[in-house]
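Residue-level structural notes
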Amino acid sequence: MRLLISACLLGCRCRYDGASKTQPWVAALAERYELVPVCPEQLGGLPTPRLPSERQGDRVVTREGGDVTAQYRRGAEEALRLADLLGCEAALLKERSPSCGSGTVYDGTFTGTLTAGDGVTAALLRAHGIPVYGESRIEELLD
């Protein structure tokens, strides 16, 4: 089975701060799935590093107040295109991200406060029937 996965979880330095979030379970996951790395923010045309961004309702804004909603939507559409083209049956995305967050995202105040909701990419994938997991649910994919 092919699994769309946030590239930062695989060690790619594509996060907003230019870092990665490499996870210790990557090798075990790669033994069970064909991994398809994706960084929706980069696919949407944003640079790395980039200004921190958070969801504010239907918009995504930078800490300085810039509106980057269009780039996040474009990145989500490209991630969906890859998932469809390559036959990905599920996605494992970085939690709390304004793009990849699944179930919980930062609330848009840039204070570290979490709120219920999905990132732009996670929401679009779900709307098209692709199950989305956050890294805290890795055991479900490895069982």
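I will try to describe carefully the structure that is included in this document. Being a predicted model, the structure only gives us computed values, none of them experimental.

**A closer look at the overall build of the protein**
The secondary structure content of the protein amounts to five helices and eight strands. Reading the secondary structure of the protein in the N-to-C direction produces β-α-β-α-β-β-α-β-β-β-α-β-α. Here the protein has a C-alpha radius of gyration of 14 Å; the compact-globule value for 143 residues is 15 Å, and the two agree. Taken along the three principal axes of its C-alpha coordinates, the protein extends 40 × 30 × 25 Å. Per-residue burial for the protein yields a buried fraction of 45% across its 143 residues. For the protein, restricting intrachain contacts to residue pairs at least 6 apart in sequence, the fraction spanning at least 24 positions comes to 64%. Taking the average place of the 16 positive charges on the side chains of the protein and the average place of its 19 negative ones, the gap between the two points comes to 4 Å.

**Brief notes about the environment of S136**
Structurally, S136 is set in the loop between strand 8 (132-134) and helix 5 (138-142). Judged by its relative accessible area of 57%, S136 is exposed. Looking at S136, its side chain comes within polar contact range of the side chain of E95, at 2.4 Å.

**Thoughts on the layout of surface pockets**
One number sums up the size of the largest pocket: a volume of about 540 Å³. Taken together, 28 residues line the largest pocket, and the ones lying closest to its centre are R15, Y16, S97, P98 and Y106. Secondary structure elements with two or more residues in the lining of the largest pocket: helix 2 (40-43) and strand 3 (53-56). In the lining of the largest pocket, the residues fall into 14 nonpolar, five polar and nine charged.

**A closer look at the pattern of salt bridges**
Throughout the structure, instances matching the rule amount to nine salt bridges. Taking the shortest distance from any N to any O, the salt bridge between R15 and D17 comes out at 3.4 Å. R15 sits in the buried class, given a relative accessible area of 18%. Using a relative accessible area of 39% as the deciding quantity, one classes D17 as partly exposed. Put simply, R81 and E78 hold a salt bridge, and the shortest N to O gap is 2.9 Å. Placement of the pair is R81 and E78 together in helix 3 (residues 69-86), with a separation of three residues, close to one helical turn. Here E78 falls in the partly exposed class, since its relative accessible area comes to 27%.

**Some points on the nonpolar core**
L3, L9, W25, L29, L92, I138 and L141 are the most contacted members of the largest nonpolar core, which totals 17 residues. Sorting the residues of this core by element identifies strand 1 (2-6), helix 1 (26-32), strand 5 (88-93) and helix 5 as the ones contributing at least two each. It is helix 5 that contributes the most residues to this core, three residues altogether. Sequence-distant contacts of L9, that is, excluding residues within four places in its chain, are made with K21, T22, Q23, W25, V26, L92, L93, K94 and E135. Counting 14 residues, the second largest nonpolar core, distinct from the first, contains V36, V38, A83 and V132.

**Comments concerning unusual backbone geometry**
Residue P49 follows T48 across a cis peptide bond; omega there is -5°. By the secondary structure assignment, P49 is in the loop between helix 2 and strand 3. Despite not being glycine, R96 shows a phi value in the positive range, around 70°. When you line up the elements, R96 lands in the loop between strand 5 and strand 6 (104-106).

Definitions and cut-offs
- Residues numbered from 1 in each chain as written.
- Predicted model: local features only at pLDDT ≥ 70, side-chain atom pairs only at ≥ 80, totals over all residues.
- Heavy atoms only, no water.
- Helix = DSSP H or I, 4+ residues; strand = E, 2+ residues; numbered from the N terminus.
- Rg over C-alpha atoms; globule rule 2.2 N^0.38 Å.
- Buried < 20%, exposed > 50% of the residue type's maximum accessible area, 1.4 Å probe, protein only.
- Contact = heavy atoms within 4.5 Å.
- Lys, Arg positive; Asp, Glu negative; His and termini not counted.
- Charge placed at Lys NZ, Arg CZ, Asp CG, Glu CD.
- Polar contact = N/O pair within 3.5 Å; in protein donor to acceptor, adjacent residues only side chain to side chain.
- 1 Å grid on protein atoms, 1.4 Å probe; cavity = no way out; pocket = protein on both sides within 12 Å on 5 of 7 lines; lining within 4 Å.
- Points joined across faces, edges and corners; volume = space filled by probe spheres on them.
- Nonpolar A, V, L, I, M, F, W, Y, C, P; charged D, E, K, R; others polar.
- Salt bridge = Lys/Arg side-chain N within 4 Å of Asp/Glu carboxyl O.
- Core = buried A, V, L, I, M, F, W, Y, C linked by side-chain atoms within 4.5 Å.

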